[in-house]
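# Observations on chain architecture
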Amino acid sequence: ARLSIAPPIVSHTVPAGGTISGSINLQLLSAGTARVSISTELIRPGDQSSFAAPDTYRNALQSWIAPEDTYRTVTFGTPLSLAYHVRVPENAPPGAHAFAILVSQTSRVAGTNTDSNSGVAATGTVGAVVVVTVPGALRPALTTRRIQMPRWIWSGRPARFGIRVRNTGNTLITPSVALHR
């Protein structure tokens, strides 16, 4: 079954101790119906920076967001609204915290033997990102970790550049780069 989720990114500003509810829309893009499971997951930065909270705090973050349902059935041609709730603890530090709402559907292909537990299963997952910003003293900050560029750039040929940055602040940052000659 082919699934689509919208919007792909949702942002909320929630004060410490506050709650908010939201929803995303799920659509089945192939004929029939599909039973799906709904779960959440904390999105962690790709590297361990100061943006990443200590392990005990990161584990507690998982409890901030919860889907209203853990299983639903979606029908082709009928969008399905999936509700979720965010509860930010009183002691939450300011900054941006990102979560994923994941929707999974497993398709089973029967095996050659008569045992109903045999066969092959494939699971497809789609997700939406939920960013929760707790107001307060935000510190946007980046450090450059590595810059890669060619030693020589020949006229008329594309050149590849790579810059690896580390988020050292407490909010989400979208870096941009400009090249000047």
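Everything that follows concerns the structure shown earlier in this document.
What this report covers is the structure whose coordinates are included nearby. Values in this document were obtained by computation on a predicted structure and should not be read as measured data.

Here the focus is the overall build of the protein. A count of helices and strands for the protein gives one helix and 11 strands. Helices and strands in the protein line up, N terminus first, as β-β-β-β-α-β-β-β-β-β-β-β. Out of the 181 residues belonging to the protein, those deemed buried represent 28%. Contacts in the protein between residues far apart in sequence, at least 24 positions, make up 71% of those at least 6 positions apart.

The alternating pattern of strand E7 (residues 80-87) places Leu-80, Leu-82, Tyr-84 and Val-86 on a buried face, while none of Ser-81, Ala-83, His-85 and Arg-87, on the opposite face, is buried. Pairing geometry for strand E3 (residues 19-28) and E7, over eight bridges, is antiparallel. Along E7, the bridge assignment pairs Asn-25 with Ser-81. Here strand E5 (residues 65-67) pairs with E7 via three bridges, running antiparallel. Bridge pairing in E7 places Ala-66 opposite His-85.

Before going further, it helps to spend a moment on the pattern of salt bridges. Summed over all chains, the structure comprises one salt bridge. Across the pair Arg-72 and Asp-69 runs a salt bridge, and its minimum N-O distance is 3.3 Å. The partly exposed category is assigned to Arg-72, whose relative accessible area is 24%. Using a relative accessible area of 28% as the deciding quantity, one classes Asp-69 as partly exposed.

Bringing the nonpolar core into the picture now. With 28 residues, the main nonpolar core has Leu-26 and Val-103 as its most contacted residues. With five residues, the single largest contributor to this core is strand E9 (residues 119-134). Leu-26 has contacts with Leu-3, Ser-4, Val-36, Val-74, Thr-78, Pro-79, Leu-80, Leu-82, Val-103 and Val-126, leaving out every residue within four places of it along the chain.

Attention shifts here to the side chain of Ser-104. Secondary-structure assignment places Ser-104 in strand E8 (residues 95-110). On the accessibility criterion, Ser-104 (16% relative accessible area) is buried. A polar side-chain atom of Ser-104 sits 2.9 Å from a polar atom in the side chain of Thr-125. Those residues in contact with Ser-104, other than ones at most four positions away along the chain, are Arg-35, Val-36, Ser-37, Thr-123, Gly-124 and Thr-125.

By the element assignment, Thr-133 lies in strand E9. Along the sequence, Thr-133 and Ala-96 sit 37 residues apart, while their C-alpha atoms lie 4.2 Å from each other. With residues near it in sequence (within four places) discarded, Thr-133 still touches His-12, Thr-13, Val-14, Gly-95, Ala-96 and Leu-138.

Our next topic: the sheet that holds E5. An order of E1-E3-E7-E5 is seen for the four strands of this open sheet, with the pairing classed as antiparallel. Each end of this open sheet is capped by a strand with a single partner; those strands are strand E1 (3-6) and E5. In this sheet, neighbouring strand axes are inclined to one another by 30° on average, regardless of whether the strands run parallel or antiparallel. Two elements, E1 and E3, share four bridges in a ladder whose sense is antiparallel. Bridging across to E3, Ile-5 finds its partner in Leu-26.

So, about the environment of Gln-148. Tracing the backbone through its elements, the reader meets Gln-148 in strand E10 (residues 142-148). According to the relative accessible area criterion, Gln-148 is partly exposed, its value standing at 45%. Taking the C-alpha atoms as reference points, Gln-148 and Gly-162, 14 residues apart in sequence, are found 4.8 Å from one another. Here Gln-148 is in contact with Arg-160, Phe-161 and Gly-162, once residues within four sequence places are set aside.

What counts and how
Residues numbered from 1 in each chain as written. Predicted model: local features only at pLDDT ≥ 70, side-chain atom pairs only at ≥ 80, totals over all residues. Heavy atoms only, no water. Helix = DSSP H or I, 4+ residues; strand = E, 2+ residues; numbered from the N terminus. Buried < 20%, exposed > 50% of the residue type's maximum accessible area, 1.4 Å probe, protein only. Contact = heavy atoms within 4.5 Å. Pairing = 2+ DSSP bridges. Salt bridge = Lys/Arg side-chain N within 4 Å of Asp/Glu carboxyl O. Core = buried A, V, L, I, M, F, W, Y, C linked by side-chain atoms within 4.5 Å. Polar contact = N/O pair within 3.5 Å; in protein donor to acceptor, adjacent residues only side chain to side chain. Axes fitted to C-alpha atoms, helices over the stretch in contact; angles between N-to-C directions.

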